[in-house]
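The residues making up each chain are set out below.
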Amino acid sequence: RITICYSASASKTMSVRADAVFEAWQDPSQRARWLEKEIVIRKATPPKSLRITWTDGTHVDVYVYPKGENKCQVSLEHSKLPDRDAAERQKLFWRKALDRLKATLEALEA
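Only a predicted model underlies this, so the values are computations on that prediction, with no experimental measurement involved.

Draft legend 1. Representation of the overall build of the protein in the model. Each helix and strand in the protein was counted, giving three helices and five strands. Compactness check: the protein gives a C-alpha radius of gyration of 14 Å against a globular reference of 13 Å for 110 residues, within 12% of the reference. Once the C-alpha set of the protein is aligned to its principal axes, its extents read approximately 50 × 25 × 25 Å. For the protein, the proportion of its 110 residues judged to be buried stands at 36%. Long-range contacts, defined here as pairs at least 24 residues apart, represent 56% of the contacts in the protein between residues at least 6 apart.

This is the structure:
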């Protein structure tokens, strides 16, 4: 029996240091400012990546790529989603969440 799993991805370039973005994911009090969900971080490799278990047991892999001293790109993939509709919902969710993360951190840097 073959099980088809879906995934959703999103990315955002930010005018913020990579370590600050990583900390905003890892620190629960900072994360609460922009992500309205509780997560479980299974593995963290500062300041490059996080492996997360989402509220429904699916997986989110987050990667932070430095693009200079005060600029980075955040890229993520949310995998093991049950169907195409769930993937579309999560894609939209993550786009909005990364917009909030960018706005939150860029306001602090200003």
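Draft legend 2. Structural detail: helix α3 (residues 84–109). With 26 residues, α3 extends 37 Å between its outermost C-alpha atoms, agreeing within 8% with the 38 Å of an ideal straight helix rising 1.5 Å per residue. Inspection of α3 places A86, A87, Q90, F93, W94, A97, L98, L101 and L105 among the buried residues, and these make up the whole buried set. If you follow the buried residues of α3, they end up packed against β1 (6–14), α1 (18–26), β4 (59–66) and β5 (72–81). Capping of α3 at its N-terminal end is provided by D83; its side-chain oxygen lies 3.2 Å from the backbone amide nitrogen of D85.

Draft legend 3. Molecular detail of the environment of A24. In this structure, A24 sits in helix α1. Residue A24 is classed as buried on the basis of its relative accessible area, which comes to 1%. Put simply, A24 and P47 are 23 residues apart on the chain and 11 Å apart in space, counted from C-alpha to C-alpha. Ignoring sequence-local partners within four residues, the contact set of A24 consists of Q30, R31, W34, L101 and L105.

Draft legend 4. Expanded view of the packing of aromatic side chains. Applying the stated criterion to the full structure yields six aromatic pairs. The interplanar angle of 75 degrees and the centroid separation of 4.7 Å between the aromatic rings of W25 and W34 together place this pair among those described as edge-to-face. Summarising the aromatic geometry, the rings of Y63 and Y65 are spaced 6.4 Å apart at their centres and angled 20 degrees between planes, so their arrangement reads as stacked. Site record: aromatic cluster; members linked through ring pairs are W25, W34, W54, F93 and W94.

Draft legend 5. Representation of the nonpolar core within the structure. Grouped together as the largest cluster of nonpolar side chains are 27 residues, with contacts concentrated most on V21, W25, W94 and L101. Residue assignment for this core shows that the elements contributing at least two residues are β1, α1, β3 (49–53), β4, β5 and α3. Residues within four places of W94 in sequence aside, it is in contact with A10, W25, L35, W54, V60, L76 and H78.

Draft legend 6. A look at the pattern of salt bridges. Enumeration according to the criterion identifies four salt bridges in this entry. The partner of D19 in a salt bridge is R17, and the shortest N-O contact between them spans 3.0 Å. Relative accessible area serves as the criterion here: at 32%, R17 is assigned to the partly exposed category. The salt bridge involving R100 is made with E36; its shortest N-O contact spans 3.5 Å. With R100 in helix α3 and E36 in the loop between α2 (28–31) and β2 (40–45), this pair connects stretches of sequence that are 64 residues apart. Residue class for R100 comes out partly exposed when judged on its relative accessible area of 25%. Overall, E36 belongs to the exposed group, its relative accessible area being 57%.

About the thresholds
Throughout, residues of each chain are indexed from 1 in the direction in which the sequence is written. It should be noted that, the model being predicted, local features are given only for residues of pLDDT at least 70 and side-chain atom pairs only at 80 or more, the latter also being counted only at that level, while totals for whole chains, interfaces and linings use all residues. Note: side-chain values were computed over all heavy atoms of the structure, leaving out hydrogens and water. We count a stretch as a helix when DSSP gives it H or I for four or more residues in a row; a strand needs E for two or more, and each element gets its number in order from the N terminus. Throughout, the radius of gyration refers to the C-alpha atoms, and the reference size of a globule is 2.2 Å times the residue count to the power 0.38. For every residue, the accessible area (1.4 Å probe, protein chains only) is compared with the maximum for its type, and the residue is labelled buried under 20%, exposed over 50%, or partly exposed between those bounds. For this analysis, residues touch if any pair of their heavy atoms sits within 4.5 Å. In this scheme, a helix's expected span is set at 1.5 Å multiplied by one less than its residue total. Distance and chemistry together define a polar contact, namely a pair of N or O atoms within 3.5 Å, with one atom able to donate a hydrogen and the other to accept it when in protein, and with adjacent residues in sequence counting only for side-chain atoms on both sides. Two rings from Phe, Tyr or Trp (for Trp, the six-membered ring) form a pair when their centres are within 6.5 Å of each other. A pair whose planes differ by under 30 degrees is stacked, one over 60 is edge-to-face, and the rest are tilted. To qualify as a nonpolar core, a set must consist of buried Ala, Val, Leu, Ile, Met, Phe, Trp, Tyr and Cys residues joined through side-chain atoms within 4.5 Å. Salt-bridge detection follows one rule: a side-chain nitrogen of Lys or Arg within 4 Å of a carboxyl oxygen of Asp or Glu.

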